[in-house]
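Here are the chains, one letter per residue:
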Amino acid sequence: MALIKIPSDDVTLRERAEVTAFLATHGIEYERWTPEHPVAPDASSEALLAAYAHEIDTLKQRGGYVTADVIDVKPDTPNLDMMLAKFSREHWHDEDEVRFIIEGRGLFHIHPKAGPVFAIEVEAGDLIRVPRGTHHWFDLCVDRRIRAIRLFQDSSGWTPHYTDSGVDKGFEPVCFGPAYVQRG
Ligand SMILES: [Fe+2]
């Protein structure tokens, strides 16, 4: 279940209805997906795409997405720091950023045109669609683990366009879900 934190207002949203409604006001779609049949988080990419084929097809029709793949990031992924550095600075894309989380966690920060910056911590079962042009950045949590299905509108992929605003430097890239709070 995704969590929202709005640091400037000292607000954290933890209820599904609240999270969904808040994100919708910023044009961000949020859903929880369940597979058509049980599938292990470490199943092959093909098995994962098959298990969620219905949801993926529905989303494809709604958003004009043409391809789906699975990204798998672990602490020992080669050049992980370099890869993460590409997305931890404020940027935007020419196409939607669509992620369905299979395993692990991640932290999106969204910088809306109107309103304060907020963070979305995503975990397994969360589908998030950040519309094209939205200013945002992304970090992993301390366990540096995420496996996710991605959907693309253009198979040439998406290049980050950096804003160089420096806004991202004012926010801690720290996850705040229960597992991280307990750890102190
Ligand atoms: Fe991005």
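About the cut-offs
- Residues numbered from 1 in each chain as written.
- Predicted model: local features only at pLDDT ≥ 70, side-chain atom pairs only at ≥ 80, totals over all residues.
- Heavy atoms only, no water.
- Phe/Tyr/Trp six-rings, centres within 6.5 Å; stacked < 30°, edge-to-face > 60°.
- Helix = DSSP H or I, 4+ residues; strand = E, 2+ residues; numbered from the N terminus.
- Buried < 20%, exposed > 50% of the residue type's maximum accessible area, 1.4 Å probe, protein only.
- Lys NZ or Arg CZ within 6 Å of the ring centre and 35° of its normal.
- Salt bridge = Lys/Arg side-chain N within 4 Å of Asp/Glu carboxyl O.
- Pairing = 2+ DSSP bridges.
- Donors = N, O, S within 2.8 Å, 3.2 Å for Na, K, Ca; no water.
- Tetrahedral: all angles 85-135°; square planar, octahedral: opposite > 155°, others 65-115°.
- Polar contact = N/O pair within 3.5 Å; in protein donor to acceptor, adjacent residues only side chain to side chain.
- Contact = heavy atoms within 4.5 Å.

**Looking at the packing of aromatic side chains**
Here comes step 1: What the rule picks out here adds up to 6 aromatic pairs.
Here comes step 2: Taking 4.8 Å as the distance between ring centres and 80 degrees as the angle between the ring planes, the aromatic pair formed by F22 and F118 counts as edge-to-face. Linking F22 in helix α1 (residues 16-25) with F118 in strand β7 (residues 118-123), this pair joins segments that are 96 residues apart in sequence. In this structure, F22 and F118 share a single accessibility class: buried.
Here comes step 3: Site record: aromatic cluster; members linked through ring pairs are W33, Y52 and F100.
Here comes step 4: Its end group placed over the ring of Y162, R89 keeps NZ or CZ at 3.8 Å from the ring centre.

**With respect to the pattern of salt bridges**
Here comes step 1: Summed over the entire model, instances satisfying the criterion amount to 14 salt bridges.
Here comes step 2: With a shortest N-O distance of 2.9 Å, D96 and R129 are connected by a salt bridge. Note that D96 is positioned in the loop between β5 (91-92) and β6 (97-111) and R129 in strand β8 (residues 126-130), a separation of 33 residues in sequence. One exposure class covers both D96 and R129, and it is buried.
Here comes step 3: Taken together, the shared-partner salt bridges connect E29, E31, R62, D96, R129 and R132 into one network.

**Here's the deal with the pairing of β6**
Here comes step 1: The buried fraction of β6 is high, at 13 of 15 residues.
Here comes step 2: Where β6 lies against strand β10 (residues 146-152), 6 bridges are found, and the strand directions are antiparallel. Looking at β10, one finds that V98 is bridged to L151.
Here comes step 3: Sheet analysis places β6 next to β7, joined by 6 bridges and oriented antiparallel. Each bridged residue has a counterpart across the sheet, and for L107 the counterpart in β7 is E121.

**A few points about the coordination of the iron ion**
Here comes step 1: Protein ligation of the iron ion involves H91 (NE2), H93 (NE2), E97 (OE) and H136 (NE2), the donor distances falling in the range 2.1 to 2.2 Å.
Here comes step 2: Here the iron ion binds 4 donor atoms, and the angle range of 82 to 169 degrees at the metal identifies the geometry as irregular.
Here comes step 3: Counting along the primary sequence, the residues that act as donors to the iron ion give the motif H-x1-H-x3-E-x38-H. Of the two residues, H91 and H93, neither departs from the other in class, the shared state being buried.

**Focus: the environment of E95**
Here comes step 1: Here E95 is to be found in the loop between β5 and β6.
Here comes step 2: Note: C-alpha distance between E95 and P160 (65 residues apart in sequence) is 10.0 Å.
Here comes step 3: For E95, the side chain forms a polar contact with the main-chain nitrogen of D154, separated by 3.0 Å.

**A look at the environment of V19**
Here comes step 1: By the secondary structure assignment, V19 is in helix α1.
Here comes step 2: Overall, V19 belongs to the buried group, its relative accessible area being 0%.
Here comes step 3: It is 16 Å that separates the C-alpha atoms of V19 and R99, two residues lying 80 residues apart in sequence.
Here comes step 4: In this structure V19 touches M1, A2, I4, L13, R14 and Y30, once residues within four positions along its chain are discounted.

From the geometry alone we can't say anything about function, so treat these as descriptive.
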